[in-house]
Structure formats: C-alpha cells, structure tokens
Amino acid sequence: MIAPAPSNTLMEDIVGLCKRRGFIFQSSEIYGGYNGFYDYGPLGVELRNNIKQAWWRDFVQCRDDIEGLDSTIIMHPKIWKASGHVDGFSDPMVDCKESKLRYRADQLFFAPVSVDGETIGYVSVVECIDQQEVAEKAAAEMKRKMAKQGELDTIELKEYTEAKPEQYELIPSPATGKPGSLTEPREFKLMFETKVGSLADDAATAYLRPETAQGIFANYKNIVDTGRVKIPFGIAQIGKAFRNEITPRNFIFRSREFEQMEIEYFISPNADWKTLHREWINTCTDWLVSIGLPREGISEDIHPGDKLAFYSQATTDLMFQFPHGEQELWGIACRSDYDLKQHQEHSGKSMTIFDETTKEKYVPHVIEPSLGVDRTLLAVLSAAYTEDEVPNDKGKVEKRILLKFSPKIAPVKAAIFPLLKNKPELVEVAKRLHKKLQRRWNVFYDASGAIGRRYRRQDEIGTPFGITIDFDTIEKDSTVTLRDRDTCEQRRVTEDELIKFLEEQIDG
Ligand code: ATP
C-alpha cells in the first residue's frame, strides 16, 4: 500500500509566488518544462546575485586568508578519475518495472505491517516530512481492508537499501501501490557525460563537474606557486555544478543544474583540526543568520563515524527547516589530505607546501565548507514568506503576503512613489530621487495605482522600504515618507537622513 504525498502548502505558496512575480520559472516551460532545471527571472537573478555577492564579500574580500578562483566547468577527465568520482559518484537507484519510474533507494522507505506479531503486508513511502504518520495511516488502512482483528504493531521504517532480497517482491511500488515490480537497488552514476573534440570515441569522454571543489584542488599548486598564501589559507569558488539526480524534487532544493559556493581551507596536518572545524561551523552558522535566516531554524547533523568516507575525519551538515522538512543546507567536512594526495599521485606533480612557521614541508589537510546557492535561496524564501493582515487605503483589514528579506539581500532595496502620478511637481522630485538612488542600489519607481496597492506589490517581492513623495515634500520641508515593509510604520525623513539610513540597512 502506498502512502499519499503530504500536503505542503508553504512550498506551493512559495512556488506560486516565485512564478507570479518573476523569481523562478520551470526551465523550458513552453515545451512542457524540463525536470530538475530552473530559470531565474528578473527578481530571482537579483536575489541570487545578492546572496553570492554577500558570500564573496564576507568569505573572500573581507578575509586576508582566502583567495578567489573561477575554474572551468569541463576539466581534464583524469581529474574525476583521481578524485574518485568516475568510479564512485553514484546514488542507489530502484526501478519500478511497471510504471518505469525511478526512485533513490535511500529516499524510499518501507516497513512490514504486522498485527499481533503476524506480518500481513508491507507499506512504502517516498521520503517526506511526515513519512512516519503517512506510513502508519497506510498500515491502518491495510488492516481495515483485510478485516484483521488485533493490535497493529509499531511501524518501523527502513531505507530500501536495507531491504533483504526476499523482501523486494513484497514491498509495494510507490507508483502502483502493488508489490512485485520494484527491482533491487543498483548504483546510478550521477555525472553528466559529454564529448570534447571532433572524435566521438571513449577517449573524448568528459564530464560536467558535479562539484566546484575539484577545480580548486586542480589549481591549488598554481595558487601556492604565485606566492601570496601561507598556511592556513583557503581558496573559494562560486560556480555551476551538475548532477544527474535520480529524483530531482522539492523545487530548487534538489536540481540537476545548480550552483555551489565552496571553500577549501588548507591547514597543517598537525593543526588542531577539531577546533578549526568547530570554528568553521560557527562562522557558517553566523553567516546564514547575517543574511536573514532564523538561528532557531538551523541545526547541526554530525555524520556518525561509520557513515563517513574512509578519508574523512569528520563532517557536520548545517541543516535548515525547509518547507519539506529539515534538510542539508551546508556541508562542512574535514577531508584530510585525500584529494591533494590523489592528484599528486595521478598527475605526478608535488602538492607539498613549505610551512614558514614550522619550517616543515607537507601536503596540507583541508576543511571544506560547501554550500548550494539555490538551497540558500530556497531557505531565504522559506524564512521570508509571511502572511499577515493590514488595513487597506479605506481602513478595511486585508490579508497581505510579504517576503521579509534582509535589506542586505533583498532584490529591490527601495521603491520610490510619487503620491499622485498626475502631479508633475511630485513626479519630478520622485524621478530625481529615483535616479540618484539607482546609481547605488537596485531601486524601483512606481507611479501607477493607489498608494496602498503600490506598497502591497512591493511587500510581496520583499522590498524593505517604500519612499513616498507627497505635497509636504514639495510645499513644506523637502522631507519624504519612509515606510517599513514589516511594520508598515511611516516616518518623515530628510534626503540626507534617508541615504544614511539606507546605507546602514543595506550596506552596513
Ligand atoms: P544531498 O545529500 O542532499 O544530495 P550532498 O551531501 O550530496 O547533498 P554535497 O556533495 O555535500 O551534497 O554538496 C554540497 C552542497 O551543494 C549541499 O550542501 C547543497 O547545498 C548543494 N547541493 C548538492 N546537491 C544539490 C542539488 N542536486 N541541487 C541543489 N543543491 C545541491
């Protein structure tokens, strides 16, 4: 028996708003869409750029120990052989022979249903926020349909990867609800292949990078040799990565083309890596809070020793409470000297560095904080999405949708409104102020419609400040009305005060 998909209205609301207001569109929509690919519209691209710029400023420009890099997406295929991706970068996949649908075996859960110790069948459920509850409901339904008397035993969900061969035939397919059509799990390679050059033989096979990190390792020697760095130091990169995910889902959370912001932070093999790892976890958490994520929505998932790759000393994921559940946002791994040693062996080039402080020569170890741009953007959208009630122009209370973005990353920083569009003296002052602010920030000019409606349109796209030019501006004291998106409070400020305030809020 297959459990129904959970209702997830927050995700639906976010997806709807993103399409309606031009943040994110399904790729190739005019051809029916393309699963696992998304396009960013006018507001989405601003938000995305602001997130990347904040990260770059805080982790590269404001630090003396981290350098930037921009390496190619397609690199020599030997890089992926050395890194282990060609042989090992895969996910366990299970097919439904009847529906031809595919699932990730570690995201498909099953449990035997038993009544007073007697197994009467199996339930399966695709990973979701309330999977335990939906599996229990499905089990109760099975018991009812089979008219079994007695007590249902506790439902203990397990990953399909843990199923025994004799259970494959008994576990229902999520697609059909019937047992007998699921295959045993097989490894599915996640790297996209392409051909480089005019010959289409095997030697021409290349890969779209599945992570930006290997471009950093491949350039480590270049950066060390240019002589600007000394241990400990980091190399940072922002760029596209591609994974042929078996089941892309949850909007932009898991897609096939996405962007990463990664740092490889090189340390001495004798350094106190545990303390440095802890410092990185704290720094990364604080950064997420600085762009507007609630600290209480972030938690840490420490990978247990038996789940770590053999070369990894420790990995902690920063988890975020997404609309579809608590999931990985930022992976912070201590990867020892594995990658550099692999490249040293495969390329024959030395990856050692001379440590000026200790006068030793060694291949450094590395701490890798790896963050997805798209997942950060989804986290920011989920944290910002709010519905409340405010009075309209006529004093009637109405429902309002707003995005409470931090001014630092909001796509539009302020909107400038002349109170009336048919009063040239108001329009002239508003346009002049708009032109002035536009040179520094992404601001928006809007003269059409009732002022309350104009505020509401900006609230919905997360513009933190509304600036209205009214008759007091031109007749009395040159002050403008500054409105706060979240509280709707308004106050009068001079142009100098306005600019100082915006500087503090946006750039501060
Ligand atoms: P998951 O377990 O969710 O597949 P992962 O552990 O494979 O993620 P990493 O290889 O550690 O992910 O990648 C680092 C970061 O890149 C992740 O924390 C995430 O933010 C982002 N990321 C990875 N895969 C995807 C994807 N398919 N779509 C969007 N972002 C991704």
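Here's what I pulled together on the structure shown here. All figures in this text were calculated on a predicted structure; none of them were measured in a lab. (Residues numbered from 1 in each chain as written. Predicted model: local features only at pLDDT ≥ 70, side-chain atom pairs only at ≥ 80, totals over all residues. Heavy atoms only, no water.)

Counted by the stated rule, this structure contains 40 salt bridges. The closest approach of N and O atoms between arginine 335 and aspartate 339, which form a salt bridge, is 2.9 Å. A single burial state applies to arginine 335 and to aspartate 339, both of which are buried. The shortest N-O distance in the salt bridge between arginine 400 and aspartate 388 comes to 2.9 Å. (Salt bridge = Lys/Arg side-chain N within 4 Å of Asp/Glu carboxyl O. Buried < 20%, exposed > 50% of the residue type's maximum accessible area, 1.4 Å probe, protein only.)

On to the site of the ligand. Among the 15 residues in the neighbourhood of the ligand, the closest are listed as Glu245, Arg254, Ser255, Glu328 and Leu329. Between the ligand and the protein, one listed contact pairs a nitrogen atom with a backbone N or O atom of serine 255 at 2.9 Å. One of the side-chain nitrogen or oxygen atoms of glutamate 328 is found 2.6 Å away from an oxygen atom of the ligand. Elements that contribute at least two residues to the shell around the ligand include exactly strand E13 (257-267), strand E16 (325-334) and strand E19 (365-372). (Near = heavy atom within 4 Å. Polar contact = N/O pair within 3.5 Å; in protein donor to acceptor, adjacent residues only side chain to side chain. Helix = DSSP H or I, 4+ residues; strand = E, 2+ residues; numbered from the N terminus.)

Below, the discussion takes up the packing of aromatic side chains. The relation between two aromatic rings is expressed through the spacing of the ring centres and the mutual angle of the planes. Per the stated rule, a full pass over the model turns up 22 aromatic pairs. Seen in terms of ring centroids, tyrosine 160 and tyrosine 168 are 5.6 Å apart; in terms of plane orientation they differ by 35 degrees. Their pairing is tilted. Owing to a relative accessible area of 15%, tyrosine 168 belongs among the buried residues under this scheme. Summarising the aromatic geometry, the rings of phenylalanine 417 and tyrosine 455 are spaced 5.4 Å apart at their centres and angled 80 degrees between planes, so their arrangement reads as edge-to-face. Here tyrosine 455 lies in helix H12 (residues 451-460) and phenylalanine 417 lies in strand E22 (residues 414-418), a separation of 38 residues in the sequence. When its relative accessible area of 1% is taken as the criterion, phenylalanine 417 is described as buried. Owing to a relative accessible area of 7%, tyrosine 455 belongs among the buried residues under this scheme. (Phe/Tyr/Trp six-rings, centres within 6.5 Å; stacked < 30°, edge-to-face > 60°.)

Turning to unusual backbone geometry, a few remarks are in order. A cis amide bond, omega -5 degrees, links isoleucine 231 with the succeeding residue proline 232. Looking at where proline 232 falls in the secondary structure, it is placed in the loop between helix H7 (213-225) and strand E12 (233-242). Of note in this structure, aspartate 116 is not a glycine but carries a positive phi near 50 degrees. One non-glycine residue, alanine 147, lies in positive phi territory at about 50 degrees.

Attention now moves to the pairing of strand E20 (residues 385-391). In this structure, E20 lies alongside strand E21 (residues 397-403), joined through seven bridges in antiparallel fashion. Residue proline 391 lies in a different strand from E21, and its bridge partner there is valine 397. Counted between consecutive antiparallel strands, the loop separating E20 from E21 contains five residues, among which glycine 395 sits at a positive phi close to 90 degrees. (Pairing = 2+ DSSP bridges.)

On to helix H5 (residues 131-145), then. Counted at 1.5 Å a residue, the expected span for H5 with its 15 residues is 21 Å, and the 21 Å between its end C-alpha atoms agrees. Taken together, the buried positions of H5 are Gln131, Val134, Ala135, Ala138, Ala139 and Met142. An end-on view of H5 places all buried positions within 140 degrees of arc, on one side of the element. Facing away from the buried side of H5 by over 90 degrees, the exposed positions are Lys137 and Arg144. Elements in contact with the buried residues of H5: strand E6 (108-115) and strand E7 (118-126). (Expected span 1.5 Å × (residues − 1). Arc of directions from axis to C-beta. Contact = heavy atoms within 4.5 Å.)

Where helix H11 (residues 424-438) contacts helix H14 (residues 495-507), the axes come no closer than 13 Å and their chain directions differ by 35 degrees. As H11 packs across H14, the resulting crossing turns out to be right-handed. Listed contacts from H14 to Arg432, Leu433, Lys436 and Leu437 of H11 are Glu495, Leu498, Ile499 and Leu502. In terms of residue class, the contact of H11 with H14 is built from five nonpolar, no polar and three charged. (Axes fitted to C-alpha atoms, helices over the stretch in contact; angles between N-to-C directions. Left-handed = near helix turned anticlockwise from the far one by under 90°. Nonpolar A, V, L, I, M, F, W, Y, C, P; charged D, E, K, R; others polar.)

Attention now goes to helix H8 (residues 273-290). Over its 18 residues, H8 extends 25 Å from the first C-alpha to the last, a length consistent with the 26 Å expected when each residue adds 1.5 Å. Those residues of H8 lying buried are His277, Trp280, Ile281, Cys284, Thr285, Trp287 and Leu288. Along H8, the residues classed as buried sweep out an arc of 160 degrees about the axis, all on the same side. A positive phi of about 110 degrees marks glycine 292, the residue just after H8.

A separate point is the side chain of threonine 316. Looking at where threonine 316 falls in the secondary structure, it is placed in strand E15 (residues 314-322). Leaving out residues up to four positions away in the same chain, threonine 316 has contacts with His277, Ile281, Glu300, Asp301, Ile302, Trp330, Gly331 and Ile332.

So, on to the packing of H7 against helix H9 (residues 338-347). At their nearest, the axes of H7 and H9 sit 10 Å apart, and the two run at 60 degrees to each other. Relative to H9, H7 is oriented oblique. Regarding H7 and H9, the two cross each other, and that crossing is right-handed. Together, Gln214, Phe217 and Tyr220 of H7 and Asp339, Leu340 and His343 of H9 make up the contact between the two elements. Considering only residue class, the contact of H7 with H9 consists of three nonpolar, two polar and one charged. (Parallel < 35°, antiparallel > 145°, perpendicular 65-115°, else oblique.)

Here seven strands make up an open sheet; going across it, the order is E3-E12-E13-E19-E16-E15-E14 and the pairing mixed. The outermost strands of the open sheet, each flanked by one partner alone, are strand E3 (66-69) and strand E14 (298-302). The sheet shows a mean angle of 25 degrees between the axes of neighbouring strands, taken without regard to direction. Those strands touched by H7 are E3, E12, E13 and E19, and its axis lies near 145 degrees from that of E12. Strands E3, E13, E14, E15, E16 and E19 of the sheet are contacted by H8, whose axis makes an angle of about 140 degrees with E16.

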